[in-house]
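As a plain string of letters, each chain reads:
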Amino acid sequence: MEDSIDGFNVVKQDIERNLEQVKTWFSRWNTLQSSQQQDDCVQLEETIIQTLKDVMWDCDQLAETIAITQQNNVYNITPAELEGRKKFVVGVRKQNNEIMKKIKEAITRRKLMKNSVGPGVSFSAGARDEQLVQRQILEEQDELLDRFHSKIGSISDVAIGIGEELTTHDECAFFSFSFLFFLFLSFCFCFCFLIILLEY
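Residues numbered from 1 in each chain as written. Predicted model: local features only at pLDDT ≥ 70, side-chain atom pairs only at ≥ 80, totals over all residues. Heavy atoms only, no water.

Overview of helix α1 (residues 8-34)
Part 1 of the reasoning: Spanning 27 residues, α1 covers 39 Å between terminal C-alpha atoms, matching the ideal 39 Å at 1.5 Å per step.
Part 2 of the reasoning: Positive phi appears at Gln 36, one or two residues downstream of α1, with a value of about 60°. (Helix = DSSP H or I, 4+ residues; strand = E, 2+ residues; numbered from the N terminus. Expected span 1.5 Å × (residues − 1).)

Some remarks on the packing of aromatic side chains
Part 1 of the reasoning: Taken as a whole and judged by the stated rule, the model has two aromatic pairs.
Part 2 of the reasoning: Judged by centre distance (6.4 Å) and plane angle (70°), the rings of Phe 8 and Phe 88 are edge-to-face. In this pair, Phe 8 is assigned in helix α1 and Phe 88 in helix α3 (residues 79-116), connecting sequence segments 80 residues apart.
Part 3 of the reasoning: Since its relative accessible area comes to 3%, Phe 8 is described here as buried.
Part 4 of the reasoning: In this structure Phe 88 comes out as buried when scored by relative accessible area, which is 15%.
Part 5 of the reasoning: Ring geometry for Phe 26 against Trp 29: centres 5.4 Å apart, planes inclined by 20°, an arrangement best described as stacked. Highlighted residues: Phe 26 and Trp 29, both in helix α1, separated by three residues, approximately one helical turn. Of the two residues, Phe 26 and Trp 29, both sit in the buried class.
Part 6 of the reasoning: Of note, Lys 12 hangs over the ring of Phe 88, and the distance from its end group to the ring centre comes to 5.2 Å.
Part 7 of the reasoning: Note that Arg 85 overlies the ring of Phe 8, its terminal NZ or CZ placed 4.2 Å from the centroid. (Phe/Tyr/Trp six-rings, centres within 6.5 Å; stacked < 30°, edge-to-face > 60°. Buried < 20%, exposed > 50% of the residue type's maximum accessible area, 1.4 Å probe, protein only. Lys NZ or Arg CZ within 6 Å of the ring centre and 35° of its normal.)

Here we look at the confidence of the model for the chain
Part 1 of the reasoning: This prediction gives the chain a mean pLDDT of 76; 57% of its residues lie at or above 70.
Part 2 of the reasoning: Confidence, read as mean pLDDT per element, is least for helix α4 (residues 125-199) in the chain (60) and greatest for α1 (92). (pLDDT = per-residue confidence, 0-100.)

So, the nonpolar core
Part 1 of the reasoning: Counting residues in each nonpolar core, the largest one holds 14 residues, and the members touching the most others are Trp 29, Ile 48, Leu 52, Ile 99 and Ile 103.
Part 2 of the reasoning: Mapped by element, the contributors of at least two residues to this core are α1, α2 (38-71) and α3.
Part 3 of the reasoning: When near neighbours in sequence (up to four residues on either side) are disregarded, Trp 29 contacts Cys 41, Leu 44, Glu 45, Ile 48, Lys 102, Ile 103 and Ala 106. (Core = buried A, V, L, I, M, F, W, Y, C linked by side-chain atoms within 4.5 Å. Contact = heavy atoms within 4.5 Å.)

This is the structure we're talking about:
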């Protein structure tokens with residue numbers, strides 16, 4: 001029985017066709033990035049991202065069929081073929097993630113550039129990108145320091161609170177001990193006084 005009956009190869013062909021198209025678009029996108037044609041880049045990014053999402057959805061479907069086949073091998077798929085299908089899905093996901101990562105990094109860079117570079121300021125693309133990255137790193141470091149200081153402040157507050165509770169506890173313990181000691185002395189005095197009265 002041919003393994004194409006289970007539909008895996010049909011979906012696989014769709015994925016391969018979409019990936020080839022994405023690679024063509026991605027090559028074009030890289031060229032547009034170099035030439036700073038931002039409007040064309042944005043349009044192409046939307047098309048690439050949507051296609052990558054479709055490919056990932058198909059990969060998820062294939063992964064589900066592989067899992068089902070491992071439990072109930074209706075189509076008599078050989079272990080070697082099953083392993084090949086797993087590697088195909090893993091490879092496609094890796095390619096998708098690499099392309100998606102580069103595009104999202106470019107989108108993030110563009111947003112930072114738009115928000116941080118004012119009108120009338122001119123930099124080369126490389127210098128501008130480097131400055132933006134350095135600025136983002138400094139902002140992340142400042143955020144981490146703020147969190148660290150906040151944690152230290154919280155720990156300090158907790159320590160002070162514990163110290164106050166211990167102080168209050170010690171004071172209460174001292175007064176309680178003094179009161180009990182006074183009662184004990186009073187009892188001893190009364191007992192001795194009673195014995196003296198009885199002797200008389």
